[in-house]
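Examining the three-dimensional arrangement
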Amino acid sequence: MKLFKNQPSQGIQSKSGIINRRKAILGTIKYTFFGLIATRLVWLQLFQSRKYSILSDRNRFKEWKIAAERGLILDRYQNKLAENRQLYKIALIKGDVTDLDFTLKSLNNILHLDSEIIEKTKNDFTKLRQFQPYVINRNLTWGEFSKINSNLFILNGVQPFISMERHYDYPYELAHVLGYVGAPTEDDVANAVDDLYRTPGIKIGKLGIEKDENRELIGVPGFTRFEVNAAGRAVRTVEFVEGKPGNPLKLALDLDLQKLAYSKLASHAGAALVLDIKTGEILTAVSTPSFDTNLFAFGISQNQLNNILRNERKPMVNKFLSAQYPPGSVIKPVVALCALDNKIIDEDFTHVCSGKTELYGQEFYCWKKGGHGKVNLREAIKRSCDVFFYEVARLLGVDRIAETARKLGYGSLHLKDFDEEKKGLVPDTKWKKNTTGKPWLLGETLITGIGQGYFLATPMQICIVMAQFANGGYQINPTFYLDDKQKISKLDFDSDHIKIILDALNAATNEQGGTSFASRLSGNFKFGGKTGTSQVTTISVSDREESTMNNKAYQFRDHALFSGFGPVNDPKYAITVVIEHGGAGSVAAAPVASSLFDFLFKKRLTNA
Amino acid sequence: MPEKLKTSKARSVFERVQSLDRSLIQLVLILGALSVFCLYSIDKGQGSTYLKHLLRFSFAFFILLAIAITNIEFWYRYSYHFYFLNLFILFIIKFIGVSAKGAQRWLDFGVFHIQPSELAKLSIILVLAKFFNSVKVENVNKIYSLLVSTILILIPFLLVLKQPDLGTAILILGAAVGVLWIVGINRKIFISCVVIVILSLPLIFAGLKTYQKQRVLNFFNAEKDPLGKNYQVIQAKIGVGSGGIFGKGYMKGSQSALNFVPENHTDFVFSHFAEEFGLLGAILLLWLFFKIIKKITVVGDQCHNNFSKIFCYAFAFNFFLYIAINLGMVTGLLPVVGVPLPILSYGGTALLTNMMGFGIVLSAKLYNEHF
């Protein structure tokens, strides 16, 4: 049949015919799939190549940041206050350390590590990522460093290195101004805006200028870029980029003056401040007792820290910013200015001091047994008559005193960014009502007039107020930084009244009978100022009458204060000295201020 | 069926080697060389993997030549023996096999590990080729031939699937289906099988091992969970993609050299190749593979007997399946199944199987006679 003729149903021909047809279809499948793969390759390698290149580099390169050298801190005469020194350190690299216990034991044989450090290392080590280095918190001597280097063959994963670390030549003198540096805490790292603090071995400012200007000082970390394998191990170094050291920072401080002030106060607990009255520059700021800030940079031990914290004179407290004292008699010029400006009294107003005054049956004593007799304003400031100021305060009322005090800077913060600064307290009727719920008593007004009672001020505030008197009533903002240009505005006070007060302050130091007459300076330049003795305990009659301070236990003795300005005929500086439990201001604080003025007049004004 | 096979004129070994198809041998040698260079680059010149591969390739090439100059009649005659021997080994491997990655796949011969499941790809083609060679064309779609071929396929397929080795099982099935297609099994049967497979996909999925299920799931959630189960494919794709048009240059690839790509010597070797030689290199490699497949098909076209024809076409299809599944997997088009890239991937048995296949193809050309 024809039908079968063309369609052979058996034999090789027919079979291979089928096979050939089927093969052709398979061929089509192959072409299609190869085309598909080729298209896919074009998509991946042409259109998405950039994306995958980035991903590949991200896999491949890891950066190992290296903290930059911290910026220098200089005083106004270019003296180095904070610099950096080479330190020998070691790091352990996780993943390279085969047996941590053995490694630490071997290290211990050479370094004699504290058990505290060993425990911390063991603890921290578990949290590390693979091949992350861990810097051991201990500095090595050159001897130890070379010994480690020669024993590296048994110390798997130990990496000795040289790092630049903060060093202070005058750690005690500058502790509270500069602060110190230390490793960032977990919170610091978590709260930071960027990952700068994750730089291994980085130190950040923890207090003072170091903290305030941390970002300026810290610089830009350098880095080494490694090629790493999938396990994270560095295979080779690709590039090394040196970091940018932090900017040097110029402070307004006068190192020699600072050292002098520290030496005068070192054996006490207290504070000294020197301000440039026109610019607000802080030439000196000392708080004693002090502590060794280098210890913090190098990793302080718990023992050393405890010693500092347990000291009852509180070395860590910044006494010129965060200690608050009743200002005592140094408030009197403020009360006087308030009275003059409010026209309660004038220059010629007089009052008779009989040694005490009486109010509703309660007696208020003058420090001078028997009284000062008839005194005017000038005499009252010069001789620091309490009774005169009781009377002035009574006439004024506490609210007006508080208003003037606040206008001058009491009761507010002055150094932005210094978290430790305290506000002090300027009491008034509203404040008392709000905090205690009780009404203000007139007796409280009287003792406020001599800077006792609720009134609290920091040495910084006292010094600013003195500076503002001395510059003729211009508001200044204290600053640690040189070239810190700021707007200076006239305060709303009568210039004549300020002159009256400056004259009285001059008299208090340079005229017979003045409270700080014993500390006066002879020579071309003179200073003037107000002493203050702020009571720690409530006044008792016998204390008043006997004034036998030295017999009392330390913690019950009065704080000694002095706040002054100089030179008298062309004021440039304001100085405030506070000595805790130092006794009378005239005895303890004024001589310290006097020697600082002496230095300034002889070394800075005469030579300049 | 004429049972008497004509033997070719006796020629010396040298003469026979000389008259082999040069172009196919050249292509295989080029791929072998690329493979050794590629492995050398992955290890940045260290280690001995590339040397081991060179050794294995040389050994396999020697086998290729030996098979190529042996009359293909040998394979025709011993197809069943080879098949049943293979089944036997697959059986006993259950008890003496060396376990690798949770699967019993290896038979330890000291220096050489043999993966009998790989050999099964070859034996299934041979046995089916012989079987259908002997089936008359009008009987191809009879129940008898369908039943026999199904049994022949299912035994090795299930044994390998049980190991478990999904990749190889799929390739065995693929090779077998290739033969069935070529010999002219009714299209309707294929279509109904595809329909049945699609309908029973949920059941198949339920029967998969957990890690296999995960791979399939991952394939459908491509870029999620980059450090998890999908890591392999993502890293491989990064390798391929970062190569760009011209590649990073020889010895300059990082993805495999730094071990970001897992299985970088074996299943994912293409990633490194494409990273270093770029789109141009990858397309060139595709072209080489395509040339080989084309060459095998052409040999099949020229064959005078159906056994050789079936073998060549089926082997070409099997070889194609390797490449398609492997490249599909490395470029993220297919889920990850453990299928090596022929010749390029490091690994003994797959290389050996493919070289044996080439040998038979060459032999089919050399001894192009009617059986």
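As the structure is a prediction and not an experimental result, all values here were calculated from the model.

So, on to the overall build of chain B. For chain B, the helix and strand inventory stands at 14 helices and 3 strands. Looking at chain B as a whole, 51% of its 371 residues qualify as buried. Look at the contacts in chain B between residues 6 or more apart in sequence, and 73% of them connect residues 24 or more apart.

As a further point, take the overall build of chain A. On a plain count of helices and strands, chain A comes out with 23 helices and 21 strands. Per-residue burial for chain A yields a buried fraction of 43% across its 608 residues. A separation threshold of at least 6 residues defines the contact pool for chain A, and within that pool the share at least 24 residues apart is 73%.

Here the focus is the nonpolar core. Ranked by size, the top nonpolar core spans 129 residues in total, and within it L273, L275, V335, A574, A589 and L596 of chain A carry the most contacts. A domain-level breakdown of this core finds at least three residues from each of domain 2 (63-250) and domain 3 (255-288 + 321-605) of chain A. By size, the runner-up hydrophobic cluster in this structure holds 117 residues, among which are L55 of chain A together with L31, L258 and L341 of chain B.

A separate point is the pairing of strand β13 (residues 350-353) of chain A. Residues and elements named next belong to chain A. Side chains H351 and C353 of β13 all project onto a buried face; the interleaved residues T350 and V352 project onto a face where none is buried. Both β13 and strand β16 (residues 373-376) contribute to a ladder of 4 bridges, which runs antiparallel. For C353, the partnering residue across the bridge sits in β16 and is G373.

On to the interface of chain B and chain A, then. Contact with chain B, which involves 41 residues of that partner, is made by 38 residues of chain A. Tallied by class, residues from the side of chain B that touches chain A come to 23 nonpolar, 14 polar and 4 charged.

To continue, consider the environment of G332 of chain B. Position of G332 of chain B relative to the elements: it lies in the loop between α13 (306-330) and α14 (348-366). Taking the C-alpha atoms as reference points, G332 of chain B and V233 of chain B, 99 residues apart in sequence, are found 6.3 Å from one another.

Looking now at the sheet that holds strand β11 (residues 270-276) of chain A. All names here are of chain A. Strand order across the open sheet formed by 5 strands is β12-β11-β21-β20-β19, with antiparallel pairing between neighbours. One side of each edge strand has no neighbouring strand; the edge strands of this open sheet are β12 (282-288) and β19 (528-534). The average undirected angle you get between the axes of adjacent strands in this sheet is 5 degrees.

Residue and element names in this part refer to chain A. One open sheet holds the 3 strands; their spatial order is β1-β8-β9, and the pairing between them is antiparallel. Strands with a single pairing partner mark the edges of an open sheet, and in this sheet they are β1 (61-66) and β9 (234-241). On average, each strand axis in the sheet is tilted by 25 degrees relative to the strand beside it, whichever way the strands run. Where β1 meets strand β8 (residues 222-228), 6 bridges bridge the pair, whose relative direction is antiparallel. When the sheet's bridge partners are listed, W64 is paired in β8 with T224.

All right, on to the confidence of the model for chain A then. Should the pLDDT be low somewhere, the predicted coordinates at that spot are not to be read in detail. Averaged over chain A, the pLDDT score is 87; the fraction of residues at 70 or greater is 95%. pLDDT under 50 marks residues 1-12 of chain A. Its contacts with residues more than four places away, or in other chains, come to 10 contacts.

Between the first and last C-alpha of helix α4 (residues 100-111) of chain A there are 16 Å, a value that for 12 residues agrees with the 16 Å anticipated at 1.5 Å per step. The first or second residue beyond α4 of chain A is H112 of chain A, which carries a positive phi of 50 degrees.

Now for the confidence of the model for chain B. Residues and elements named next belong to chain B. For chain B, per-residue confidence averages 86 on the pLDDT scale, and residues scoring 70 or more make up 89% of the total. Below a pLDDT of 50 lies the segment residues 1-8, which in the model reaches 9 contacts outside its immediate sequence neighbourhood of four places, other chains included. Complex prediction metrics read pTM 0.67 and ipTM 0.89.

Residue and element names in this part refer to chain A. A cis amide bond links T288 to the next residue, P289, at an omega of -10 degrees. In this structure, the amide linkage connecting G566 to the following residue, P567, adopts the cis form with an omega of -10 degrees. In the Ramachandran plot, Q78 falls in the positive-phi region, its phi being about 70 degrees despite a non-glycine side chain. Structurally, Q78 can be placed in the loop between β2 (73-74) and β3 (80-93). Looking at Q78, the number of C-beta atoms within 10 Å reads 10, which means it is exposed.

Let us now look at the pairing of strand β20 (residues 559-566) of chain A. Residues and elements named next belong to chain A. Among the 8 residues of β20, 8 are classified as buried, and the element is accordingly described as predominantly covered. Bridge count for β19 against β20 is 7 bridges, and the pairing is antiparallel. Paired with S534 across the bridge in β20 is H559. Where β20 and strand β21 (residues 573-579) come together, 7 bridges link them in antiparallel fashion. When the sheet's bridge partners are listed, F562 is paired in β21 with V577. In sequence, β20 turns back onto β21 through a hairpin of 6 residues.

So, on to the packing of helix α14 (residues 332-341) of chain A against helix α16 (residues 386-396) of chain A. Residues and elements named next belong to chain A. Close contact between α14 and α16 brings their axes to 10 Å; oriented N to C, the two are set at 45 degrees. Between α14 and α16, the interaxial angle falls into the category oblique. Of the two elements, α14 crosses α16, and the hand of that crossing is left-handed. Packed against α14, whose contacting residues are K332, V335, C338 and A339, the element α16 presents F389, V392, A393 and L396 at the interface.

This next bit is on the packing of helix α2 (residues 22-42) of chain B against helix α3 (residues 49-68) of chain B. All names here are of chain B. Where α2 meets α3, the closest approach of the two axes is 8 Å, and the angle between their N-to-C directions is 165 degrees. As judged from the angle between their axes, α2 and α3 are roughly antiparallel. In this structure, the crossing between α2 and α3 has a hand that is right-handed. Contacts between α2 and α3 involve G32, S35, V36, L39 and Y40 from the first element and T49, Y50, H53, L54 and F57 from the second.

Note on placement: G523 of chain A falls in the loop between α21 (495-510) and β19. As a C-alpha pair, G523 of chain A and K602 of chain A span 79 residues in sequence and 9.6 Å in three-dimensional space.

Take the environment of F205 of chain B next. Residue and element names in this part refer to chain B. Among the secondary structure elements, F205 is positioned in helix α9 (residues 201-207). A tally of 12 C-beta atoms within 10 Å means that F205 is categorised as exposed. Residues F205 and V216, 11 residues apart in the sequence, show an inter-C-alpha distance of 8.8 Å. Excluding anything up to four places from it in sequence, F205 contacts K213 and V216.

Conventions and cut-offs
- Residues numbered from 1 in each chain as written.
- Chains lettered and ligands numbered in written order.
- Predicted model: local features only at pLDDT ≥ 70, side-chain atom pairs only at ≥ 80, totals over all residues.
- Helix = DSSP H or I, 4+ residues; strand = E, 2+ residues; numbered from the N terminus.
- Buried ≥ 20, exposed ≤ 12 C-beta atoms within 10 Å, placed from the backbone.
- Contact = placed C-beta atoms within 7 Å.
- Core = buried A, V, L, I, M, F, W, Y, C linked by C-beta atoms within 7 Å.
- Domains from an automatic or database assignment.
- Pairing = 2+ DSSP bridges.
- Nonpolar A, V, L, I, M, F, W, Y, C, P; charged D, E, K, R; others polar.
- Axes fitted to C-alpha atoms, helices over the stretch in contact; angles between N-to-C directions.
- pLDDT = per-residue confidence, 0-100.
- Expected span 1.5 Å × (residues − 1).
- Parallel < 35°, antiparallel > 145°, perpendicular 65-115°, else oblique.
- Left-handed = near helix turned anticlockwise from the far one by under 90°.

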